[in-house]
Amino acid sequence: MMDAPSPVLPERIAVATLGFDGFGDEAFEPAFSGLPDTGFRSVEFNCWYARTITPQGLASIRDRSAAICVTPVSLHVPSFSPGPEPSDLARETARWCWLIEAATIVGVTLLKCTGRDRGEAGGVESIIALLREVAPVAAERGVRISLENHANNVLEFAEDYDRIFDAIDDPGVGMCLDTGHFAASGVDMLAIVDRFGSRINHVDLKDCAGPGREFVPFGDGVVDFDEVLDAVNATGYSGYLVVEFPRRGDDTALTDLAAGAAIARRHVDEVDRA
């Protein structure tokens, strides 16, 4: 077992359970087992499987977190999937009303989600139609919605976000800036920060080998984290920096997460360091 990245990391530095569980349906067992060996105390839960978003599953996240003194800060929920028909919108609205309730059960105030693949039915316009219905519900419950960019997705480029933010003038709906996915899409992140700085409400940290290529350990890719995070902080951003590198194996997980935490720590202010 390696040393913890820090006795206790600043609250703003969070970790995604993806770093412990990978993409499998693990009921967060690896995450809850591994978290005490790290300095992370703020956690984003990747709730991608059915049992993680039942009332029992949500209560389990809340109670197990309390037992090991970590704080859930966000839920990463399955992708937006409204289709072109009114019945598609109705089903997706019902799902999101439950997800907003799920956030309150766990005690988080942010839901993160990306879109569907480009070319599938629906697209940005269907996300706009959905947000018109559910954003007021989320605001009433004190829950923010963060739209995560993703390579080869309807949420990928500046113009995708322009369309949404032009239509949805709600401060509770913002962008999750994912460094790895923007790098994979070949997007200029400094231009993104300059254009959408006031709408960034969540930041995911991962590295990427380059446009169209795979995610790699922190420092092995093309992302200039210092440049991007300096720009983000200059906008007045005070939200979470989420270390979101997928688990590669038992022998690398803690090292990968520690590397991400070290990058994030350079970009929290002195109050957060105390």
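Refer to the preceding data block for the structure.
Each value, and the rule that gives it
- Residues numbered from 1 in each chain as written.
- Predicted model: local features only at pLDDT ≥ 70, side-chain atom pairs only at ≥ 80, totals over all residues.
- Heavy atoms only, no water.
- Buried < 20%, exposed > 50% of the residue type's maximum accessible area, 1.4 Å probe, protein only.
- Helix = DSSP H or I, 4+ residues; strand = E, 2+ residues; numbered from the N terminus.
- Pairing = 2+ DSSP bridges.
- Right-handed = clockwise from strand over helix to strand, strands pointing away.
- Expected span 1.5 Å × (residues − 1).
- Contact = heavy atoms within 4.5 Å.
- 1 Å grid on protein atoms, 1.4 Å probe; cavity = no way out; pocket = protein on both sides within 12 Å on 5 of 7 lines; lining within 4 Å.
- Points joined across faces, edges and corners; volume = space filled by probe spheres on them.
- Nonpolar A, V, L, I, M, F, W, Y, C, P; charged D, E, K, R; others polar.

Draft legend 1. Representation of the pairing of strand E2 (residues 42–46) within the structure. Extensive coverage of E2 is indicated by the burial of five of its five residues. With burial as the criterion, each face of E2 is covered, one bearing Ser42, Glu44 and Asn46 and the other bearing Val43 and Phe45. Pairing of strand E1 (residues 13–16) with E2, which is carried by three bridges, proceeds in the parallel orientation. Bridge pairing links alanine 16 to glutamate 44 in E2. Once the chain exits E2 it traverses helix H3 (residues 55–67) before rejoining the sheet at strand E3 (residues 71–76), and the crossover so formed is right-handed.

Draft legend 2. Spatial organisation of the pairing of strand E7 (residues 200–205). By the criterion of burial, E7 is predominantly enclosed, with six of the six residues buried. Judged from the four bridges that link them, strand E6 (residues 173–178) and E7 form a sheet pairing that is parallel. Following the sheet pairing, aspartate 178 is matched in E7 by aspartate 204. Pairing geometry for E7 and strand E10 (residues 241–243), over three bridges, is parallel. In the strand pairing of E10, leucine 205 is matched with valine 243.

Draft legend 3. Quick peek at H3. Given a rise of 1.5 Å per residue, 13 residues ought to cover 18 Å, and the 18 Å separating the end C-alpha atoms of H3 matches this to within 8%. Where H3 is buried, its residues contact helix H2 (29–34), E2, E3 and helix H4 (86–106). Two residues or fewer after H3 comes cysteine 69, characterised by a positive phi angle close to 60°.

Draft legend 4. Region of interest: the layout of surface pockets. Its volume calculated, the largest pocket comes out at about 220 Å³. Every residue lining the largest pocket is counted, 15 residues in all, and those nearest its centre are Phe23, Trp48, His76, His150 and His181. Each residue belonging to the lining of the largest pocket can be placed in one class, and the counts come to seven nonpolar, five polar and three charged.

These figures capture arrangement, not role.
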